[in-house]
Each structure stands twice: as C-alpha cells, then as structure tokens.
Amino acid sequence: MTPKTPSGSNLRAPSRPPANPRVPSTLAGQSLRPDPRPPRQPMRARSGGRAPFSSPPLREPRGGVCPLPPGAAAQAGTGGCRGGLRSAPPSRSGLTGFAAARRPLPASPARAMLLLAVAFIVAFVLLLYMVSPLISPKPLKLPGAHVVVTGGSSGIGKCIAIECYKQGAFITLIARDENKLLQTKKEIEKYSVNDKQVVLCISVDVSKDYELVENVLKQAQEKLGPVDLLVNCAGTSVTGKFEDIEVNSFERLMGVNYLGSVYPSRAVIATMKERRMGRIVFVSSQAGQLGLFGYTAYSPTKFALRGLAEALQMEVKPYNIYITVAYPPDTDTPGFAEESKTKL
C-alpha cells in the first residue's frame, strides 16, 4: 500500500541528498569517488610480540597513557583515551616510551674529559709508586755510625739512643743534667753488641750559646768521627691560658724547643755537606700540626720546627742530606708527667 500524504500538501522529492553536517561545504553535492587503492589489510602480530595499535580492540594501558599515535590522538580529542591523556611527542630518534629510555645516551665531551683526567691521575700515582724505590733515600746503616742525640738523658731521646746502640752505633748524648747523663750512659751500655762501641756524654745547654755547642760537637767528632745522624730531642713544655703564662716562659720555650734544634744542626751541617751524606731529625709534636687549648707557648715552637725542616730540606737535598720531622702524640715520659701537673 502507498502511504498517503497529508491533504493539501504538495511534497516533492529532493533533487539532491541533504548535505552531511560533518562534510565540508566545499564537498557538498560532489560525488565522492571510491579510493582506487586496495583496502589495507590488517597487520599481523609478530611471533612473541603484540599487535600494532591498529589491531582491535584497543585497551587502555596501565597508568592511563594513551597508546595512539600523535595523529590519531589529535583526531580523537580528549575522548580518544580514558582519562583524556594524549600520547607523548616522539623523540628525535623516532622512539617513544620504553624504547627511547633503553637507548644509550651519547657520552658528553665534559664527561669524557673527566674520565680521561681520572685515568691520568691514577696512572701517575701508579708510576710514582713504581719508581719510588729509585728516588727514595737509602736507609742509613747504623753499625759503626756516629749518632748524636740532644735531650738524650731521658724520655724519647733516651729510647732512641738505646735503639741505635742496639744496632751497633756510637752514641753521643747531650743534656744539661750531668748526673742523669751518667745514669743513662750505664743503662745504654748494657745493650752493647761489640766491644768497640762507645757512649760519650756532654753536659751543655744547647739553647744558650751557639759557639759552645759548636765546640763540643767538634770534640765529639774528633773522638767518634763525623756525625752521621743528629736527633734533636731537647725540649720542654709549659701549659696554661695565654694571659696566665709569664712572658719569659715564651722566650724560654722558643729558646729550648726551637733554637735548641737550630744550634746543633747548624754545627754539623757543614761537615755533612762535605761528605755528601747525613740525616737530621727534628722531634716536633702533635701540637706542632694544630694549635691546642692551653698550649699557646708550646705549639708555636713546634710549628717553627716544621718550617725549619721544610726549608732546610730544599737546601741540603742536592748534598744527599735528608731531614725528618717526627710528630709524636702524648708519650709516657718524665717531661709529660711534669707537664700534666699544670695541664688545664
């Protein structure tokens, strides 16, 4: 049956189909030709991998990141993926996501220079370690050597004299107290290793008169031969706050601890240069490396020994003379016991 039209109406069939609102106006009324290219076949997933993004159905990955390529995501708009997130722009290498993160980054020039510098330093240190036996001074042979120890009647000086005597050295002890010197001489002679060894004692203050120190050392060299090793151990200490220490104590400590090492060293250095051999030891202290509370009179004198040793080493190294600085901590000696009575 033919449907009836309303009465009084004259309806005509449209001459052309209505325009599609989604098609641009320029294309309205034009016949759309079919695409001559054959339809693209859906790609198959490789063995062991996932199908490309064109394979239906699409699922939202964990975390809400859109898997669509940039063009498809732009067409989809905010509704292309759940949550309205678009895919990240591709990197310069054309890789995105985990593939771009797993690709190694090229090394920068700064990083390469840093690695080269570190390698050079390590190689230099290894080279020094390998050649150190060739440039280090040869050990001094103590059998038959003449060793002079100032402040040798007690404490560190006495122990050094005993150890050198045990190895066959000839000893000259210098100190102020003659009675202590004689007692120390008897104690040292117990460690004799042969009948030729001699312990010579000289009572003199090495910080008062340089000419006197020079004369007694000449006499010692005439008896026991040139000095091979000089150990400057003479020293004393005063503790207290800076304003509580008497002014003459600063002068006395500088005289004993510093000049008491300068005078004997000055007296033997000329002979050592002539022979082109010798060793000089300065006994400083831990207080000669850093200042300590209550040692304002003592620390500067031990700091001065370090400066003297470093400067003197530059002068005498061409003559095969080597300087040593010792920095002992608190040591159980009679001098330390006396110092502890006034320590703050």
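Going by an unreviewed UniProt entry, the protein carries the name 3-dehydrosphinganine reductase and comes from Apteryx owenii.

So what's going on with the sheet that holds strand β4 (residues 229-232)? Which residues, and what values?
Strand order across the open sheet formed by 6 strands is β3-β2-β1-β4-β5-β6, with parallel pairing between neighbours. Lying at the two open borders of the sheet, with one neighbouring strand each, are β3 (199-203) and β6 (321-326). Across the sheet, the mean angle from the axis of one strand to that of its neighbour is 15°, orientation sign disregarded. Relative to β6, strand β5 (residues 278-283) is paired through 6 bridges, and the arrangement is parallel. Each bridged residue has a counterpart across the sheet, and for Val283 the counterpart in β6 is Ala326.

An account of the UniProt feature "transmembrane region" (unreviewed entry) in the protein is requested, with residue identities and associated values reported.
Under the feature "transmembrane region" (unreviewed entry), the UniProt entry names residues 112-131. With 100% helix and 0% strand, residues 112-131 has its two end C-alpha atoms placed 29 Å apart.

Residue-level account of the packing of helix α4 (residues 155-166) against helix α5 (residues 178-189), with values.
Where α4 contacts α5, the axes come no closer than 10 Å and their chain directions differ by 30°. As α4 runs across α5, the sense of the crossing is right-handed. Residue-level contacts link Lys158, Ala161, Ile162 and Tyr165 of α4 to Thr184, Glu187, Ile188 and Glu189 of α5. Of the residues assigned to the contact of α4 with α5, the class counts are 4 nonpolar, 1 polar and 3 charged.

Before we move on, could you go through a nonpolar patch on the surface and cite the residues and values that matter?
Together, Phe120, Ile121, Phe124, Val125 and Leu128 make up a nonpolar patch on the protein surface, roughly 510 Å² of accessible area in all. By the element assignment, Phe124 lies in helix α3 (residues 109-135). Given the relative accessible area of 43%, Phe124 is considered partly exposed.

An account of the confidence of the model for the protein is requested, with residue identities and associated values reported.
Caution is warranted with low-pLDDT regions, since their predicted coordinates should not be read in detail. Mean pLDDT over the protein works out to 78, with 66% of the residues at or above the 70 mark. The low-confidence segment residues 1-9, where pLDDT is below 50, has 0 contacts with residues more than four positions distant or belonging to other chains. Note on residues 73-80: pLDDT under 50 across the span, and 6 contacts to partners over four residues away in sequence or across chains.

So, α4: which residues are in play, and what are the values?
Across its 12 residues, α4 extends 17 Å between first and last C-alpha, which sits within 8% of the 16 Å expected from 1.5 Å per residue. Of the positions making up α4, those classed as buried are Gly155, Gly157, Ala161, Ile162, Cys164 and Tyr165. Looking one or two residues past α4, Gly168 carries a phi angle of roughly 90°, positive in sign.

Report on the environment of Tyr258, specifying residues and quantitative values.
For Tyr258, the location among the structural elements is in helix α7 (residues 247-275). A C-alpha to C-alpha distance of 9.4 Å links Tyr258 and Pro300, two positions 42 residues apart in sequence. Those residues in contact with Tyr258 that sit more than four places away from it in its chain are Leu253, Thr301, Ala304, Leu305 and Leu308.

How would you sum up the packing of aromatic side chains? Please name residues and give values.
Scanning the model with the defined rule gives 3 aromatic pairs in all. Aromatic pair Phe242 and Phe250: ring centres 5.6 Å apart, planes at 70°, arrangement edge-to-face.

Can you explain the side chain of Asn232? Please cite residues and give values.
Of note, Asn232 is situated in strand β4. Looking at Asn232, its side chain comes within polar contact range of the side chain of Ser265, at 3.3 Å.

Tell me about the nonpolar core, residues and numbers included.
Ile174, Ile202, Leu217, Ile280, Phe282 and Ile323 are the most contacted members of the largest nonpolar core, which totals 29 residues. Among residues more than four places away in sequence, those in contact with Ile323 are Ile280, Phe282, Ala309, Leu312, Gln313 and Val316. Membership of the second largest hydrophobic core comes to 19 residues, among which are Val147, Ala161, Ile162 and Val281.

Let's hear about the pairing of strand β2 (residues 170-175): which residues, and what values?
The buried count for β2 comes to 6 of 6 residues, which makes it a mostly enclosed element. A two-sided burial pattern is seen for β2, the buried positions comprising Phe170, Thr172 and Ile174 on one face and Ile171, Leu173 and Ala175 on the other. Two strands pair when backbone bridges link them, and strand β1 (residues 146-150) and β2 are joined in this way by 5 bridges, in the parallel orientation. Residue Val149 lies in a different strand from β2, and its bridge partner there is Leu173. With α4 bridging β1 and its parallel neighbour β2, the resulting β-α-β unit is right-handed. Of the pairings in the sheet, the one linking β2 to β3 comprises 5 bridges and is parallel in character. Residue pairing for β3: Ala175 is matched across the bridge by Ser203. Taken together, β2, α5 and β3 form a β-α-β motif whose crossover is right-handed.

Parameters at a glance
Residues numbered from 1 in each chain as written. Predicted model: local features only at pLDDT ≥ 70, side-chain atom pairs only at ≥ 80, totals over all residues. Heavy atoms only, no water. Pairing = 2+ DSSP bridges. Helix = DSSP H or I, 4+ residues; strand = E, 2+ residues; numbered from the N terminus. Axes fitted to C-alpha atoms, helices over the stretch in contact; angles between N-to-C directions. UniProt positions renumbered as here; feature names shortened; annotations may be inferred. Left-handed = near helix turned anticlockwise from the far one by under 90°. Contact = heavy atoms within 4.5 Å. Nonpolar A, V, L, I, M, F, W, Y, C, P; charged D, E, K, R; others polar. Patch = residues over 30% accessible without salt bridge, like charges linked within 9 Å, V, L, I, M, F, W, Y side chains within 5 Å. Areas by Shrake-Rupley, 256 points an atom, 1.4 Å probe, with all protein chains shown as cover. Salt bridge = Lys/Arg side-chain N within 4 Å of Asp/Glu carboxyl O. Buried < 20%, exposed > 50% of the residue type's maximum accessible area, 1.4 Å probe, protein only. pLDDT = per-residue confidence, 0-100. Expected span 1.5 Å × (residues − 1). Phe/Tyr/Trp six-rings, centres within 6.5 Å; stacked < 30°, edge-to-face > 60°. Polar contact = N/O pair within 3.5 Å; in protein donor to acceptor, adjacent residues only side chain to side chain. Core = buried A, V, L, I, M, F, W, Y, C linked by side-chain atoms within 4.5 Å. Right-handed = clockwise from strand over helix to strand, strands pointing away.

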